[in-house]
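Overview (structure and organization)
For reference, the chains in residue letters:
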Amino acid sequence: MPPAVTDPRLVRIVLVNLVVNAVKYTEQGAVRVTVRHAARGHVLEVADTGPGIDRAERARIFEPFQQLGAPGTAPGVGLGLSLVRGVVEALGGELSLETEVGRGSTFRVLLRG
């Protein structure tokens, strides 16, 4: 049985990883974190004004040990988004991405409950 949606440790893992990635790839502009209640559950959004993600890279970034090679970004091992996806799935939630190259990205998590 999956852990409760409100498990603060798991929600923290999701939020921290999404915010760290947004800050890492946003040299100018802003990172916005929104948490709201919706009819289907709780929605967590992390939006940035970073470089966006090319269509060819979108599916790959959720795989372990994958990262985008944006110039000047801090090094990492490429596990953050894979971990986020695993936690969200374990909670029975949904993870989605809206992105446009040159305009930024929004990662949206729906946690039912």
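Values in this document were obtained by computation on a predicted structure and should not be read as measured data. (Residues numbered from 1 in each chain as written. Predicted model: local features only at pLDDT ≥ 70, side-chain atom pairs only at ≥ 80, totals over all residues. Heavy atoms only, no water.)

1. Thoughts on the sheet that holds strand S1 (residues 31-38)
What counts is decided by this rule: Here, any two strands with at least 2 DSSP bridges between them count as paired. Where helices and strands are cited, they refer to DSSP runs of H or I of at least four residues and of E of at least two residues respectively, numbered from the N terminus. Comment: axis = line fitted to C-alpha atoms, over the contacting stretch for helices; angle = value between 0 and 180 degrees taken between N-to-C directions. Residue contacts follow a heavy-atom distance rule, with two residues in contact if any of their heavy atoms lie within 4.5 Å.
Pairing within the open sheet is antiparallel, and its 4 strands lie in the order S1-S2-S4-S3. Strands with a single pairing partner mark the edges of an open sheet, and in this sheet they are S1 and strand S3 (94-100). When the angles between neighbouring strand axes are averaged without regard to direction, this sheet yields 15°. Pairing of S3 with strand S4 (residues 104-111) involves 7 bridges; the strand directions are antiparallel. Residue pairing in the sheet places threonine 99 in a bridge with serine 105 of S4. Here helix H1 (residues 8-25) sits on the sheet and contacts S1, strand S2 (41-48) and S4; the angle it forms with S2, its principal contact strand, is near 20°.

2. Section: the side chain of threonine 106
The criterion, for reference: For every residue, the accessible area (1.4 Å probe, protein chains only) is compared with the maximum for its type, and the residue is labelled buried under 20%, exposed over 50%, or partly exposed between those bounds.
The topology assignment puts threonine 106 in strand S4. Take threonine 106: its relative accessible area is 15%, and that puts it in the buried class. Not counting the four nearest positions on each side in its chain, threonine 106 is found in contact with Glu45, Val46, Ala47, Ser96, Leu97 and Glu98.

3. Concerning the nonpolar core
Nonpolar side chains in soluble globular proteins tend to end up buried together. Applicable threshold: Nonpolar core, defined: a set of buried Ala, Val, Leu, Ile, Met, Phe, Trp, Tyr and Cys residues in which side-chain atoms within 4.5 Å join the residues together.
In this structure, Val14, Leu18, Phe107 and Val109 are the most contacted members of the largest nonpolar core, which totals 18 residues. No other element matches H1, which puts 5 residues into this core. Each residue touching phenylalanine 107, except ones within four places of it in the same chain, is listed here: Leu18, Leu44, Glu45, Val46, Ile53, Ile61, Phe62, Leu81, Ser96 and Leu97.

4. Looking at the pattern of salt bridges
Rules: Just to be clear on terms, a salt bridge is a Lys or Arg side-chain nitrogen sitting within 4 Å of an Asp or Glu carboxyl oxygen.
Counting across every chain of the model gives 8 salt bridges. Across the pair glutamate 45 and arginine 36 runs a salt bridge, and its minimum N-O distance is 3.4 Å. When its relative accessible area of 9% is taken as the criterion, glutamate 45 is described as buried. Of the residues examined, arginine 36 reaches a relative accessible area of 39% and is grouped as partly exposed. With a closest N to O distance of 3.4 Å, glutamate 63 and arginine 85 form a salt bridge.

5. Considering the packing of aromatic side chains
As a reminder, the rule being used: Geometry of aromatic contacts follows a simple scheme: Phe, Tyr and Trp rings, the Trp one being its six-membered ring, pair when their centres are within 6.5 Å, and the pair is stacked under 30 degrees between planes, edge-to-face over 60, tilted otherwise.
One pass over the full model with this rule turns up 1 aromatic pair. Centre to centre, the rings of phenylalanine 62 and phenylalanine 107 are 6.2 Å apart; their planes meet at 75°, and the pair counts as edge-to-face. One end of the pair, phenylalanine 62, is in the loop between S2 and helix H2 (80-90); the other, phenylalanine 107, is in strand S4, and 45 residues separate them in sequence. Overall, phenylalanine 62 belongs to the buried group, its relative accessible area being 13%.

6. Some thoughts on H2
Within H2 the residues assigned to the buried category are Gly80, Leu81, Ser82, Val84, Val87 and Val88. Elements that come into contact with the buried residues of H2 comprise H1, S3 and S4. Directly beyond the C-terminal end of H2, a positive phi value near 75° is found at glycine 92.

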